[in-house]
Amino acid sequence: MKAIRRFTVRPVLPEPLRPLSELARNLRWSWHAETRDLFQSVDPDNWASSGGDPVRLLGGVRSARLTELAGDRRFLRRLTAAADDLRDYVGGDRWYQTQPEGLPAAVAYFSPEFGITAALPQYSGGLGILAGDHLKAASDLGVPLIGVGLLYRHGYFRQTLSRDGWQQEHYPVLDPDELPVTQLREADGGPARVSLALPRGRWLHARIWVAQVGRIPLLLLDSDVEENDLGERGVTDRLYGGGSEHRLLQEMLLGIGGVRAVRTYCRLTGHPGPEVFHTNEGHAGFLGLERIAELGDEGLDFDAALEAVRAGTVFTTHTPVPAGIDRFDRELVARHFGPEAELPRIDVERILRLGMESYPGGEPNLFNMAVMGLRLAQRANGVSLLHGGVSREMFRGLWPGFDPEEVPITSVTNGVHAPTWVAPEVFRLGARQIGAQRTEDALSTGGSDRWDAVADIPDADVWELRRELREQLTGEVRRRLWASWRQRGAGTAELGWIDGVLDPDVLTIGFARRVPSYKRLTLMLRDRDRLMDLLLHPERPIQIVIAGKAHPADDGGKRLIQELVRFADDPRVRHRIVFLPDYGMAMAQKLYQGCDVWLNNPLRPLEACGTSGMKAALNGCLNLSVLDGWWDEWYQPDFGWAIPTADGVGYDSEHRDDIEAAALYDLLEQRIAPRFYERGRGGLPDRWIEMVRQTLTLLGPKVLAGRMVREYVERLYTPAAHAHRSLNAGAARELAAWKARVRAAWHEVSVDHVEASAPLADLAQGASSTPAAELGGALGLRVRVGLGGLGPEDVEVQAVSGRVDEEDRITDADAVPLKPSGAPDADGRWVYEGPLSLDRTGPYGYTVRILPAHRLLASGAELGLVTVPSPETGEGAGLLMR
């Protein structure tokens, strides 16, 4: 018979072992080797069968074993040391506590998914893993973050393969009582809840679970509660599942319910309330509406509340393509807000205007979550230098009249949490060199530009480390491949060949990621004969380990997987190329650590950042990638290879893929494999080892999540906190009224006349009336402007200059403010003057423009208003030095 309800009966820990529960409930164990080693020693067999999950381990350990451990003085000493270390970690000062005053009291970080550990499967791919690494790094640095997400009862799907290689999805049910989470409770012991009003008098209730990530509480909202109807109970059933309304309800619960959960958590625990709210991608964008409603209840009107909310909000976009953004039908959104639903005191039209694509090329009836996120945040960023530029181009319609480089979206390049992804063997090698504490600090806190101590590690030790990790990967691949073939229906007698899969002495290439079409899983198959030659080369063979999941609704991605699997099933090559199903964190750690080369071949520039190669690099793996995302920013020939791209206008997709695949084969055949197998006088691949050394020395410090989070603190969180403090009720009303006045009057603002005097340097005798432009000189500019109902205190008049291209467009522009000269003339026009320094040679040009200016603006482009000269006005000013 089948049970109708499943639950876990937990053992009662003897009093001396009670700290085990505290250690198991804090997810720091997932990146703290000593704590994991302690749990493994409790019951090694149970530890292995539990997948390295302490909560499951303690749920299955025998009472006799617990009694034995309670009397084991050596174990109790280790337990006491681990518990004391955790308390010191959680309560002691770290990097954040040593910084100057003025930092945010707390930051709320919202994300639809979090990849903390395989024991808490609430992630699908890079966005979730990045969010998990962000929380862990914030914990290591002591940043007072509160994470906010949803608790999905099915998580993301588990992947298997059919006999013919087609992806199969499975959704195992997750019981929160078996996860490393605890329920947030009110003072009377009852469960803490949040509720959202739905159309037709319905309600969506959710309870709050807390996962403790080191110092960071992660609040996870769960709609599977008895008070909900069946439909509402399923809102948090699956990550990225369901239709439009299902997704909308998930994102309302995440954003609106998430703010309410944060307020509840702070009320119950005394945690400082957040001064900054960070929206990790547009899914949580509704959080801004809830905060506007909160301020409305305190007496602020919508416009003033909007300004106050924007000041303390940071928005991070992760997608380089519009198709990656959630967009909802306007009427669907309208139904879920207003008097009969959620946020009844906010005019629905005001809500809709925040997300509508009201710009050239936009879809006027679609509500765009990223657009709302940008309009509700005063500070925004992409996740690599290249992606910042792509984002500015993609969203430039929100700031008409500005060049893409002036769109107020900056970039903070992603990083990865080294203690999570670095192999214990790599850590031990570092500890032997500089000590365990310094190694731990270098990996978690960072702060240095180079890891020069790597230079002192002997070549033989580096090479032995790489072979040991490759050998571990070989064993892991064989175990997983055997399990996969059994799931596909193969009998044990058919699988003897798996014992010969991979060779720990062969050059090993890794490729693992989600499988959308732009990541080009099958680019390596463009010329199968040539790939087969590389795999089976008699002297310099390569072997490839591949993993990845396609979205359940993406049949195109599933076909790519099937195509790859069928090639890998070929008996001629199946010992050299494998596809491993069910890609997740546990598998990823082994892949990053054991591969020699990490392959990445997306369509440029569609990879926003791509962090898998960073994790591989921290283990001494070399990168082979298209110059996209982070690799475009940090690539050097010293530690990897760049795949040339054929992204010119004249190439169709088929021809482009052929060219780039050929370039990939050439690199593998002519440069990468020869270098790996080449041996120096000592019998070691000296040049390869030097590239590994350079990867660790130069790339290692850059790719750390600690570096990334410090950048967020210094460049985004702290300015946002200062802006939040400045925007009290009075200042918010003032700024909102000023913006309304400027917008209403802007049509009257004009540039009427521009003239340039001769260079201010010595005028040559008999000089013509045309300015002579020489490096180091200066021009005197005089500009007559009309400001309508505005005054000089409301605007900034700028001279914008720089080199010009063949079409007279200014590149590399510099903007300098001009100053008003005297009072307005009889026509009410103002004259602005100032020098224009000539600091560059070559074709050079200038223009002038007028921007709104206010002390509380984060950027002159914030309002999206700019006035420039008409063609007639600028005629006399001319272009300098063609």
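The rules we used
Residues numbered from 1 in each chain as written. Predicted model: local features only at pLDDT ≥ 70, side-chain atom pairs only at ≥ 80, totals over all residues. Heavy atoms only, no water. Helix = DSSP H or I, 4+ residues; strand = E, 2+ residues; numbered from the N terminus. Buried < 20%, exposed > 50% of the residue type's maximum accessible area, 1.4 Å probe, protein only. Contact = heavy atoms within 4.5 Å. Pairing = 2+ DSSP bridges. 1 Å grid on protein atoms, 1.4 Å probe; cavity = no way out; pocket = protein on both sides within 12 Å on 5 of 7 lines; lining within 4 Å. Points joined across faces, edges and corners; volume = space filled by probe spheres on them. Nonpolar A, V, L, I, M, F, W, Y, C, P; charged D, E, K, R; others polar. Salt bridge = Lys/Arg side-chain N within 4 Å of Asp/Glu carboxyl O. Polar contact = N/O pair within 3.5 Å; in protein donor to acceptor, adjacent residues only side chain to side chain. Phe/Tyr/Trp six-rings, centres within 6.5 Å; stacked < 30°, edge-to-face > 60°. Lys NZ or Arg CZ within 6 Å of the ring centre and 35° of its normal. pLDDT = per-residue confidence, 0-100.

Another point: the overall build of the protein chain. Check the secondary structure of the protein chain and you find 29 helices and 27 strands. Across its three principal directions, the C-alpha atoms of the protein chain cover 95 × 75 × 50 Å. Every one of the 882 residues in the protein chain was classed for burial, and the buried ones make up 58%. In the protein chain, once contacts between residues fewer than 6 apart in sequence are set aside, the share between residues at least 24 apart is 74%.

Here we take up the pairing of strand 22 (residues 778-786). When you tally the buried positions in strand 22, you get 7 out of 9 residues, the bulk of the element. Pairing of strand 21 (residues 750-756) with strand 22, which is carried by 6 bridges, proceeds in the antiparallel orientation. The residue bridging Val 751 from the neighbouring strand is Val 785, located in strand 22. Alignment of strand 22 against strand 26 (residues 830-837), held across 8 bridges, turns out to be antiparallel.

The next thing to look at is helix 15 (residues 385-394). Here helix 15 has its buried residues at Leu 386, His 387, Gly 388, Val 390, Ser 391 and Arg 392. Of the surrounding elements, those touching the buried residues of helix 15 are strand 13 (379-382), strand 14 (410-411) and helix 24 (629-634).

With that settled, the discussion passes to unusual backbone geometry. The linkage connecting Arg 604 with the following residue, Pro 605, adopts the cis geometry, with an omega of 0°. Here Arg 520, not a glycine, exhibits a phi torsion of approximately 55°, which is positive. Following the sequence through the fold, Arg 520 ends up in the loop between strand 15 (507-512) and helix 20 (528-535).

Note on sheets: strands pair through backbone hydrogen bonds, and any given pair is parallel or antiparallel. Ordered in space as 21-22-26-25, the 4 strands form an open sheet in which the pairing is antiparallel. Of all strands in the sheet, those bounded by a partner on one side alone are strand 21 and strand 25 (819-820).

If you add up the space inside the second largest pocket, you get close to 860 Å³. What lines the second largest pocket is a set of 32 residues, and nearest its centre among them are Leu 306, Arg 375, Arg 743, Glu 862 and Leu 863. Sorting elements by how many residues they give to the lining of the second largest pocket places helix 11 (residues 302-311) first, with 5 residues. Classifying every residue of the lining of the second largest pocket by side-chain character gives 16 nonpolar, 5 polar and 11 charged.

Per the stated rule, a full pass over the model turns up 64 salt bridges. Residues Arg 247 and Asp 326 are paired through a salt bridge, measuring 2.9 Å at the closest nitrogen-oxygen approach. Remark: Asp 326 occurs in the loop between strand 10 (313-316) and strand 11 (327-329) and Arg 247 occurs in helix 9 (residues 244-269); sequence separation between them is 79 residues. Asp 326 shares its class with Arg 247; the two are buried. As a salt-bridge pair, Glu 290 and Arg 260 come within 3.0 Å of each other at their nearest N and O atoms. Taken as a pair, Glu 290 in helix 10 (residues 287-297) and Arg 260 in helix 9 lie far apart in primary sequence, 30 residues in all. On the accessibility criterion, Glu 290 (7% relative accessible area) is buried. Where salt bridges share partners, they join Arg 153, Arg 207, Asp 222, Asp 224 and Arg 233 into one cluster.

Let us look at the environment of Val 333. Along the polypeptide, Val 333 turns up in helix 12 (residues 330-335). Looking at Val 333, the relative accessible area reads 1%, which means it is buried.

Looking at where Thr 160 falls in the secondary structure, it is placed in strand 3 (residues 158-161). Within the structure, Thr 160 has its side chain in polar contact with the side chain of His 170 (distance 2.7 Å).

Taking relative accessible area as the criterion, Asp 326 reaches 15% and is therefore assigned buried. Excluding residues that lie within four positions of it along the chain, Asp 326 makes contacts with Arg 247, Glu 251, His 283, Phe 367, Asn 368 and Met 369.

With 8 of its 9 residues buried, strand 27 (residues 844-852) lies for the most part within the structure. Examined bridge by bridge, strand 23 (residues 795-804) and strand 27 share 9 bridges and lie antiparallel to one another. The residue of strand 27 that forms the bridge with Val 797 is Ile 850.

Our focus in this paragraph is the environment of Trp 634. You can see Trp 634 is positioned in helix 24. Sequence-wise, Trp 634 and Lys 702 are 68 residues apart; in three dimensions their C-alpha atoms are separated by 8.6 Å. Other than its neighbours up to four places away in sequence, Trp 634 contacts Thr 413, Met 614, Phe 639, Leu 699, Lys 702, Val 703 and Arg 707.

Turning our attention to empty space enclosed by the protein. Following the criterion strictly, the structure yields 7 cavities of 30 Å³ or more and no others. As a volume, the largest cavity reaches approximately 80 Å³. Taken together, 13 residues form the lining of the largest cavity, with Leu 481, Trp 485, Arg 488, Asp 569 and Phe 579 sitting closest to its centre. Looking at the lining of the largest cavity, the elements that each hand over two or more residues are helix 19 (459-487), helix 21 (555-568) and strand 17 (577-580). Class assignment for the residues of the lining of the largest cavity results in 9 nonpolar, 1 polar and 3 charged.

One pass over the full model with this rule turns up 20 aromatic pairs. Here the aromatic rings of Trp 421 and Tyr 592 are separated by 5.5 Å at their centres, their planes lie at 75°, and the arrangement is edge-to-face. Placement of Trp 421 in helix 16 (residues 418-421) and of Tyr 592 in helix 22 (residues 585-594) is noted, with a sequence separation of 171 residues between them. Under the relative-accessibility criterion, Trp 421 is labelled buried at 1%. Taking NZ or CZ as reference, Arg 28 lies 4.2 Å from the ring centre of Tyr 89, over its face. The ring of Trp 497 carries Arg 574 above its face, with NZ or CZ at 4.1 Å from the centroid.

In the predicted model, the protein chain carries a mean pLDDT of 92, and the fraction of residues at 70 or more is 96%. Confidence over residues 760-771 falls short of pLDDT 50; this stretch has 10 contacts with residues more than four positions distant or in other chains. In this model, residues 876-882 is a region of pLDDT below 50 whose contacts with residues beyond four sequence positions or in other chains number 20 contacts.

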